[in-house]
Amino acid sequence: MTKSPIALTNSRYRLGYHVAAPTGWINDPNGFCYFKGYYHIFYQHHPYSAEWGPMHWGHARSKDLVHWESLPIGLEPGSPEDKDGCFSGSAIVKDDIMYLFYTGHHYYNDGDPDHFWQNQNMAYSEDGIHFTKYENNPIIDKEPEDNTHHYRDPKVWEHEGTYYMILGSQENDGLGRAILYASQDLKSWDYLGSVSKATDLKGEGFMWECPDFFHLDGKDILLLSPQGIDPQEEKYLNLYQTGYFVGEMDYQTAKFTRGEFHELDKGHDFYATQTTLAPDGRRIVFGWMAMWESHMPEKEDGWAGALTLPRELRLKDGKLVMTPVKELEALRVDEGKTETLTVSDATLIAKDASHAEILFSLPTTDATLTFKDAQEQDILSLVYTAETNKFVLRRNDTDEARYGTIQANDTLKYHLFIDTSSVEIFINDGETVFTERYYSESKPAVYLTTANETSVESTVYQLKADAVTYP
Ligand code: FRU
């Protein structure tokens, strides 16, 4: 009997220009690459329900990072090497072939979901649509001896003629770490050891998921999603975080010397990032626009979760900044409405803003951005206090606020992308970013309140609601 994907029963929260599954559950972005004229993005996917389940790789491609075509599922679990799931991984292009690297997940079938083992596998494709699992899988059959059964999410890159694979893992002493393998042919891999490890359990975590490694603006970056970092007052408040270390890799000794962990996005809904290099050399990142503890009311409608917008990463003053890729201008369906507003108490910036891009800037002052529904109830608010340079984000469906900071600055610049039930807020060219899902039965109206009467330059564009096409 062939199973059918879960049906979509209501479109009220469906996104207009973010990659999501046709129906069903999604989590991490996987296999992000540029291949034969298309960007390809895959994602952890369970097509048969709106809950996490045996992981498949859902798939979409785009010529411009803006218009996405949903493609047939790229990888299905169930082969001996990936019996219970094709977990996260990456892609690399070599000699006109796309290679996918992923973790095979296996339960011992004793009813204990923590009793599992993992291995690393490869699949390949010439057309970027149909994938063949490598006949000699697995390419790495088990974890190193000083590791627990947690080792997964291979990210592969090439450096000076050698291929490297970094894996998230947990050492036997219970600390998270990233381990490195090398290969000449992508098929046989040698273990090089641990490149970096948590300095302490509560500060840097017990398991490092989804590592990504790249060179950017003169530094090496280890981007990762550690589990088990303890919340601090206004930091690390999601169940798990995505963040990064800036440092230097010594490929001879396979050691990464690095500074402290920084969170990449301050919102409730951001995890498990993956990057690729665009043909013009930009480092582009996708994240999962959700978190394990997020509510995801769209589950009632037959789907759950989406990817963030593609964002460009840069290193600025030792920190990563994220900005929406410039290609997203192609989402605009009008010329934009630019106004100089005199803002004081709850001044309307945009109404019916269900698919909208909003840019505004103002001289630095206390400022509150609010999304309100048709009944004038707050859906979401972002309060900025000039004295402390701090932002506090609140949402109507949770008591838990999220916090961000910026360097002191004369100007406050906001750049928002609203898409039915998501908003991505980029402040001061990506110095602080909040990624949020919100759920409202009406289209939000966006207001700004400032402490004193302030002149605000604002531009509002309506955006496409059909940039992702599904079969
Ligand atoms: C991160 C993660 C990965 C794993 C995948 C399974 O969100 O836990 O480590 O490969 O999700 O879906």
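Since the structure is predicted, the reported quantities are computational estimates derived from the model, not experimental observations.

Draft legend 1. Seen up close, the nonpolar core. Of all hydrophobic cores here, the largest spans 40 residues; its most connected members are Ile41, Trp68, Ile221, Leu264, Leu313 and Leu320. The set of elements that each furnish at least two residues to this core consists of strand E1 (24-35), strand E2 (38-46), strand E13 (207-216), strand E14 (219-227), strand E15 (243-250), strand E19 (283-288), strand E21 (311-316) and strand E22 (319-324). Taken together, domain 1 (24-325) and domain 2 (332-469) each give at least three residues to this core, which thus spans both. Setting aside residues up to four positions removed in sequence, Trp68 forms contacts with Val19, Tyr39, Ile41, Ala60, Arg61, Ser62, Phe286, Ala467, Val468 and Thr469. Counting residues in each nonpolar core, the second largest holds 32 residues, with Phe360, Phe371, Phe391 and Ile427 among its members.

Draft legend 2. Seen up close, the site of the ligand. Contacts to the ligand come from 13 residues, most closely from Asp28, Gln44, Arg152, Asp153 and Glu209. Trp52 has a polar side-chain atom sitting 3.0 Å from an oxygen atom of the ligand. In this structure, Ser88 approaches the ligand through a main-chain N or O atom, which is 3.1 Å from an oxygen atom. For the ligand, the protein covers 95% of the area, taking 310 Å² as the surface of the free molecule. Counting only elements with at least two residues in the shell around the ligand, the list comes to E1, strand E5 (86-94), strand E9 (147-159) and E13. The class makeup of the residues in the shell around the ligand is six nonpolar, three polar and four charged.

Draft legend 3. Structural detail: the environment of Lys94. Residue position: Lys94 is located in strand E5. Expressed as a C-alpha distance, the spacing of Lys94 and Leu186, which sit 92 residues apart in the sequence, is 9.5 Å. Setting aside residues no more than four positions away along its own chain, Lys94 makes contact with Tyr99, Tyr163 and Leu186.

Draft legend 4. Geometry of the UniProt feature "domain: Glycosyl hydrolase family 32 C-terminal" (unreviewed entry) in the chain. Taking the UniProt record as the reference, the feature "domain: Glycosyl hydrolase family 32 C-terminal" (unreviewed entry) is found at residues 327-455. Helix makes up 0% of residues 327-455 and strand makes up 60%, while its end C-alpha atoms are separated by 29 Å.

Draft legend 5. Region of interest: the sheet that holds strand E30 (residues 411-419). What the six strands build is an open sheet, ordered E23-E34-E25-E30-E31-E32; its pairing is antiparallel. Each edge of the open sheet is held by one strand with a lone partner, namely strand E23 (337-343) and strand E32 (432-437). The average undirected angle you get between the axes of adjacent strands in this sheet is 15°. Examined bridge by bridge, strand E25 (residues 355-363) and strand E34 (residues 454-462) share six bridges and lie antiparallel to one another. The residue bridging Ala356 from the neighbouring strand is Gln462, located in E34.

Draft legend 6. Expanded view of the UniProt feature "domain: Glycosyl hydrolase family 32 N-terminal" (unreviewed entry) in the chain. UniProt's entry tags residues 18-324 with the feature "domain: Glycosyl hydrolase family 32 N-terminal" (unreviewed entry), counted in the numbering of this structure. Segment residues 18-324 splits into 1% helix and 54% strand. End C-alpha atoms: 12 Å apart.

Draft legend 7. Local environment of the sheet that holds strand E29 (residues 398-405). Overall, antiparallel pairing links the six strands, which are arranged E24-E33-E26-E27-E28-E29 in an open sheet. Among the strands making up the open sheet, the edge pair consists of strand E24 (347-350) and E29. Within this sheet the neighbouring strands show an average axis-to-axis angle of 20°, counted without direction. Looking at chain direction, strand E26 (residues 367-372) and strand E33 (residues 445-450) are connected through six bridges and run antiparallel. Each residue of the ladder has a partner; that of Phe371, found in E33, is Val446.

Draft legend 8. Structural context of the domain arrangement of the chain. Looking at the chain, the domain boundaries give domain 1 (24-325) and domain 2 (332-469). A straight line from the C-alpha centre of domain 1 to that of domain 2 covers 30 Å. Opposite the 29 residues of domain 1 that make contact, domain 2 presents 29 residues. Both sides together, the interface formed by domain 1 and domain 2 hides about 2,600 Å², and carbon and sulfur atoms give 53% of it. Of all residues in domain 1, Glu234, Lys266 and His268 bury the most surface against domain 2, accounting for 25% of the area lost on that side. There are four salt bridges connecting domain 1 and domain 2. For the pair domain 1 and domain 2, the number of links is 22 residue pairs in polar contact (both at pLDDT 80 or more). At the level of elements, strand E4 (68-75) and E22 are the ones that each hand at least two residues to the side of domain 1 that touches domain 2. No other element matches E22, which puts four residues into the side of domain 1 that touches domain 2. Of the residues belonging to the side of domain 1 that touches domain 2, the class tally is 12 nonpolar, nine polar and eight charged.

Each value, and the rule that gives it
Along each chain, the written sequence defines residue order, and numbers are assigned to residues from 1. Only residues with pLDDT of at least 70 are given local features in this predicted model, and only at 80 or more are side-chain atom pairs given and counted; all residues enter the totals for whole chains, interfaces and linings. Heavy atoms from the whole structure form the basis of all side-chain values; hydrogens and water molecules are not counted. Among buried residues, those of type Ala, Val, Leu, Ile, Met, Phe, Trp, Tyr and Cys that are joined through side-chain atoms within 4.5 Å constitute a nonpolar core. A 1.4 Å probe rolled over the protein chains alone gives each residue an accessible area, and that area as a share of the maximum for its type sets the label: buried under 20%, exposed over 50%, partly exposed in between. Think of it this way: any DSSP run of H or I at least four residues long counts as a helix, any run of E at least two long counts as a strand, and we number them from the N terminus. Domain start and end points were adopted from an automatic or database domain assignment. Residues are treated as being in contact if the distance between any of their heavy atoms lies within 4.5 Å. One heavy atom within 4 Å of a molecule or strand makes the whole residue count as near it. Here a polar contact means two N or O atoms within 3.5 Å. Within protein one must be a hydrogen donor candidate and the other an acceptor candidate, and residues neighboring in sequence count only if both atoms are side-chain atoms. We get accessible surface area from the Shrake-Rupley algorithm with a probe of 1.4 Å; when it comes to residues, only the shown protein chains can shield them. Each residue gets one of three labels, nonpolar for Ala, Val, Leu, Ile, Met, Phe, Trp, Tyr, Cys and Pro, charged for Asp, Glu, Lys and Arg, and polar for the others, Gly among them. UniProt positions are given in the numbering used here, feature names are shortened, and annotations may be inferred rather than shown by experiment. Criterion used throughout: strands pair if DSSP finds at least two bridges between them. Every angle, taken between N-to-C directions, lies between 0 and 180 degrees, and every axis is a line fitted to C-alpha atoms, over only the stretch in contact when it is a helix. Buried area is a sum: the accessible area each of two parts loses on coming together, probed at 1.4 Å, counted once for each and added. A carboxyl oxygen of Asp or Glu within 4 Å of a side-chain nitrogen of Lys or Arg is what we treat as a salt bridge.

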